[in-house]
Amino acid sequence: LIAVSTTPDPTGNYYQYAYTFPDMPDYPKFGVWSDGYYMSANVFSSGSTTYLGTYAVAFDRTAMLAGGVATMIYFTNPNTTWSLLPSDCDGVFPPTGAPNYFLASYNGFGGGNADLDVYEFHVDFATPANSTFTGPLLLPTPVFSTPNESPQLGTTNTLDNLADRPMNRLQYRNFGTHQTMVVCQTVNAGSGRAGMRWWELRKTSGAWSIYQEGTYAPADALYRWMGSIAMDGNGSIALGYSTSGTTINPDIRFTGRFAGDPLGSMTITETLIHAGGGSQTGGLGRWGDYTQVVIDPSVSGTFW
C-alpha cells in the first residue's frame, strides 16, 4: 500500500495505490528517483519462512503524482543477495536516463566481507520488456565481519545489531561535477565490538568507486550499531547510531565530518542525542529494524 501526497502539505489529501506480489515482500526500503519510486524487499515464500531472494521494484512515480493508473515493474534476484538498498535522491535529480542504483554488501550473511555490490535498474514503463536490472559492479573494500550482539547495563540480555546488511538509506546526491552515494553498516571493530563502517561512493565520467571510507569506533568499550548516514548540499556528512555497553543503557548518538576534513575520518565530536532510560530485558533481542538520517530541505546544514 502506497500513498502519495497530492500537495506539499502532509496533512492534506493522498492518492492511494495497492500492489500485490506472488510472495511476501519483507523489510522494504524505498528510494525517490526522477523516473520512479524504487523499492527493495527480501522475499519469503507466502505461508512459510523460506527465503527466496530479493525484489527490486520500480513504481511509476509520474503517474502516481498525477493520481493516474500506475504500474510497477520488478525483478527477483538470486538468493546470494540480501537486503538491497535502492538509491534515494536528495537535491538535484540524476542526469537524464541515469538508472537507479541498488547496493548490497557482498556475502552479507555474516562471513568475511570484502566488496560492495552496485546494481543498475533501468526502467521503461512504456515498454516494460526493455527494463533491465544489471550488475553487480564489485567495489573492493577492507574486509569486515559481523560483531557480537550489543550488551547493556544491568542485564545479560543482548541486542541484535543487524550487521548482516547495509543500513537505510543509500543516499544519492548530484553535485554536477560528480555524483555521490553514502551508506553505512555495523561491523566488527575488533574483539567482537560493534562499530560503524561508512562509505562515500563517487562517480564522475566513469564507473562508481569508493572515494572514502572509515570505521567509527572510539576506544571506549561501547558498541555502536544500526546507523544511518546522509550528506548535505555542502558535502558535509552526519552519521547517527545506537550506542550501548555494559556500563550504559542503550542511547542514541551522532558524529560527522565537514567536506574539507581529512578523508576517511569522522571529525565532529560524538554527541548524545537521547540518553537511554533503561535496558531491554525479557529475552527480546530485536532493538529495531532500521533508522534514518534525512536532510532538512529548507535549512542548509540541518540534519534530522
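Anything mentioned here points back to the structure above.
This is a predicted model, so every value here is computed, not measured. (Residues numbered from 1 in each chain as written. Predicted model: local features only at pLDDT ≥ 70, side-chain atom pairs only at ≥ 80, totals over all residues. Heavy atoms only, no water.)

Q: Describe unusual backbone geometry, listing the residues and the values that go with them.
A: The omega angle of the peptide bond from Gly135 to Pro136 is 10°, so this bond is cis rather than trans. Residue placement: Pro136 occurs in strand S10 (residues 132-144). Cis geometry marks the peptide bond from Asn168 to Arg169, where omega comes out at 0°. Looking at the secondary structure, you find Arg169 in strand S13 (residues 167-174). For Ala221, which is not glycine, the phi dihedral falls at a positive 70°. Structurally, Ala221 can be placed in the loop between strand S16 (209-216) and strand S17 (223-231). (Helix = DSSP H or I, 4+ residues; strand = E, 2+ residues; numbered from the N terminus.)

Q: Describe the environment of Met231, naming the residues involved and giving the relevant values.
A: Relative to the helices and strands, Met231 resides in strand S17. Spatially, the C-alpha atoms of Met231 and Leu1 are 29 Å apart, while their sequence positions differ by 230 residues. Ignoring sequence-local partners within four residues, the contact set of Met231 consists of Gln171, Arg173, Phe175, Thr180, Val182, Glu200, Ser236, Ile237, Ile295 and Phe303. (Contact = heavy atoms within 4.5 Å.)

Q: If you had to explain the packing of aromatic side chains to someone new, which residues and values would you point to?
A: Inspection of every chain in the model, using the stated rule, returns 23 aromatic pairs. Residues Tyr38 and Phe121 carry aromatic rings whose centres are separated by 5.3 Å and whose planes lie at 80° to one another, so their mutual orientation is edge-to-face. Here Tyr38, found in strand S4 (residues 37-44), pairs with Phe121, found in strand S9 (residues 113-122); they are 83 residues apart in sequence, far enough to count as distant. Just as Tyr38 is buried, Phe121 falls in that class too. Aromatic pair Trp225 and Trp287: ring centres 6.2 Å apart, planes at 50°, arrangement tilted. (Phe/Tyr/Trp six-rings, centres within 6.5 Å; stacked < 30°, edge-to-face > 60°. Buried < 20%, exposed > 50% of the residue type's maximum accessible area, 1.4 Å probe, protein only.)

Q: Mind laying out the nonpolar core, listing which residues take part and the relevant values?
A: In terms of nonpolar packing, the biggest core is built from 30 residues, with Phe102, Phe121, Leu201 and Trp208 touching the most fellow members. Secondary-structure elements contributing two or more residues to this core are strand S5 (51-59), strand S7 (85-89), strand S8 (100-105), S9, S10, S13, strand S14 (179-188) and strand S15 (194-203). Leu201 has contacts with Leu103, Leu116, Val118, Leu139, Gln179, Thr180, Met181, Trp208, Ser209, Ile210 and Tyr211, leaving out every residue within four places of it along the chain. Of all hydrophobic cores here, the second largest spans 19 residues; its members include Leu159, Met196, Ile229 and Met231. (Core = buried A, V, L, I, M, F, W, Y, C linked by side-chain atoms within 4.5 Å.)

Q: Got a sec to walk through the sheet that holds strand S20 (residues 268-274)? Specific residues and values, please.
A: The four strands lie next to each other as S17-S18-S19-S20, forming an open sheet whose pairing is antiparallel. The open sheet is flanked by S17 and S20, the only strands paired with a single partner. On average, each strand axis in the sheet is tilted by 25° relative to the strand beside it, whichever way the strands run. In the sheet, strand S18 (residues 237-245) pairs with strand S19 (residues 248-257) via eight bridges, with the strands oriented antiparallel. The partner of Tyr241 across the bridge, within S19, is Arg253. (Pairing = 2+ DSSP bridges. Axes fitted to C-alpha atoms, helices over the stretch in contact; angles between N-to-C directions.)

Q: How would you summarise the state of the cysteines if you had to cite specific residues and measurements?
A: What makes a disulfide is a covalent bond joining the sulfur atoms belonging to two cysteines. Under the defined criterion, the tally for this structure stands at zero disulfides. In this structure Cys89 is not part of a disulfide, and its nearest cysteine sulfur, from Cys184, lies 19 Å away. Its relative accessible area of 0% is what places Cys184 among the buried residues. (Disulfide = S-S within 2.5 Å.)

Q: Give me the side chain of Lys29: which residues, what numbers.
A: The topology assignment puts Lys29 in strand S3 (residues 24-32). Buried charge without a partner: Lys29 forms no salt bridge, and the closest opposite charge is Asp289, 6.2 Å away. Among the polar contacts listed, one links the side chain of Lys29 to the backbone oxygen of Tyr27, at a separation of 3.5 Å. Setting aside chain neighbours within four positions, we find Lys29 in contact with Tyr38, Met39, Ser40, Leu85, Pro86, Asn168 and Tyr290. (Lys, Arg positive; Asp, Glu negative; His and termini not counted. Salt bridge = Lys/Arg side-chain N within 4 Å of Asp/Glu carboxyl O. Polar contact = N/O pair within 3.5 Å; in protein donor to acceptor, adjacent residues only side chain to side chain.)

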